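Descriptive analysis of the structure
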Amino acid sequence: MAADKALAIVVRGTDWSETSRIATLFTREFGKVRALAKGGRRLKSNFDVAFDLLTVCEVVFIRKASGLDLLTEARMNEQFPTLRQNLSALYAGYYVAELLADGTQDYDPHPPLFDAAIQTLRSLGKGRKPNPLTPFPRKEGGTEPKTGIDTPQAPVLSPSPFRGGVGEGLQPQPTPPSPLPEGKGDGGVGSPTSGNGGLDLAARVSAFELVWLQELGYSPRLEACATCGRERLNPTARAFFSPSAGGVLCPECGPAVADRRMVSGESLETIRALSAGGAGPELPPGVRTEVRQVLGYAVSCVLGRRPRLLSFVDAR
Ligand SMILES: [Zn+2]
């Protein structure tokens, strides 16, 4: 049977047996692929990655007519080690993984979403490429490639957000949270103290959510009423916004929609600018809070539930 090659982000990993692992991969070429990596838990295996969450790898896999595909090769392409140095950035990275794992269908490719995820993870964690690329298969006695976020160097995280979800199986033994290193306060994405080298994590996460919404066909309508289509006469004025209706609402349609909320013109303009790839590196605090709430509602509406990592992303 012919094998397929792809560039993939590991968005979920679950232990399957004492030696094997199930990896959920979001690939650029094929979309989401769930594959069994036989021997994927052994140190000396056909895989030079441990399928750590958020690792980018080049994979070869064989499609199965039913059930899990079979992963035959994987080699690490890129990791984002600095995500481990900032808990807010790490949660934001996990959130990206959750949206890719739970918001997309198997074999439904979205190359722009893949590219946006990579760009977001780089901006959150300032990713680096290994140099040179670890050869495949790894030489006997060679040094182990640096593993990802579940290494001992990673911040010790509460297992609660990962039960049954992103990172399932990464922390089989519940571990109490430990204090963060000094100066690495967990300000949350919504917090002014959440800076990561000057980057506004809220802007990065929001921009990714907007690509995710657009790729899934739920880009919020901002220029005209999402119900009747009437154009907004004053695009800078505040307006009703409804995730279920899919965008802003005119004064006539708004009162009839249950999940409407009034959103400031500044926040709506910021969302529009983020959709277009704009908006500065820092969002004003009031706008940041409102934009996070609006987009969090919009994502939850599409997903059919509140993302598990969302409250950690927006923690204050
Ligand atoms: Zn209307």
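Before any of the text, the structure's been laid out above.
My aim in this report is to walk through the structure given alongside it, one point at a time. Everything numeric here is computed off the predicted structure, so don't read it as measured data. Position labels on residues start from 1 in each chain and follow its written sequence. Given that this is a predicted model, residues contribute local features only at a pLDDT of at least 70 and side-chain atom pairs are listed and counted only at 80 or more, while totals for whole chains, interfaces and linings are drawn from all residues. Computation of side-chain values covers all heavy atoms of the structure but excludes hydrogens and water.

**With respect to the environment of V205**
Our working rule: Working definition: helices are DSSP H or I runs of at least four residues, strands are E runs of at least two. Numbering for both runs from the N terminus. Remark: exposure states derive from per-residue accessible area (1.4 Å probe, protein chains only) relative to the maximum for the residue type, with buried under 20%, exposed over 50%, and partly exposed in between.
Mapped onto the fold, V205 is located in helix α3 (residues 201-215). Exposure remark for V205: the relative accessible area of 2% places this residue in the buried category. Sequence-wise, V205 and V96 are 109 residues apart; in three dimensions their C-alpha atoms are separated by 7.9 Å.

**Re helix α1 (residues 87-103)**
Think of an α-helix as turning once every 3.6 residues; residues three or four places apart then point the same way. As a reminder, the rule being used: Every helix has an expected span of 1.5 Å times one less than the residues it contains. Here a polar contact means two N or O atoms within 3.5 Å. Within protein one must be a hydrogen donor candidate and the other an acceptor candidate, and residues neighboring in sequence count only if both atoms are side-chain atoms.
Spanning 17 residues, α1 covers 23 Å between terminal C-alpha atoms, matching the ideal 24 Å at 1.5 Å per step. Within α1, 16 of the 17 residues are buried, leaving the element largely enclosed by the surrounding structure. Taking the backbone nitrogen of S88 as reference, a side-chain oxygen 2.9 Å away marks N86 as the first, capping residue of α1.

**Some points on the nonpolar core**
Nonpolar side chains in soluble globular proteins tend to be buried together. Convention followed: Definition used in this section: a nonpolar core is a set of buried Ala, Val, Leu, Ile, Met, Phe, Trp, Tyr and Cys residues joined via side-chain atoms within 4.5 Å. Domain delimitation in this document rests on an assignment produced automatically or drawn from a domain database. Note on contacts: a residue pair is in contact if any heavy atoms of the two residues lie within 4.5 Å.
Judged by nonpolar contacts, the single largest core of 54 residues is most densely connected at I9, L83, Y95, L100, F208 and W212. No other element matches the 12 residues that α1 contributes to this core. Two domains share this core, each providing at least three of its residues, namely domain 1 (1-185) and domain 2 (187-313). Residues within four places of F208 in sequence aside, it is in contact with V96, L99, L100, L113, A116, A117 and T120. Among the nonpolar cores identified, the runner-up in size contains 16 residues, and V10, L25, V59 and L71 belong to it.

**So, the sheet that holds strand β4 (residues 56-62)**
Defined as follows: In short, DSSP must find at least two bridges between two strands for them to pair. In this analysis an axis means a line fitted to C-alpha atoms, helices contributing only their contacting stretch, and an angle means the value between N-to-C directions, from 0 to 180 degrees.
Reading around the circumference, β1-β2-β3-β5-β4 is the order of the 5 strands in this closed barrel, with mixed pairing throughout. On average, adjacent strands in this sheet sit at an angle of 50° to one another, irrespective of strand direction. Sheet topology places strand β1 (residues 3-15) next to strand β2 (residues 21-27); 7 bridges connect them, and they run antiparallel. Considered in β2, the bridge of G13 is made with A23. Sheet strands touched by α1: β1, β2 and β3 (31-37). Its angle to β1, the strand with the most contacts, is close to 110°.

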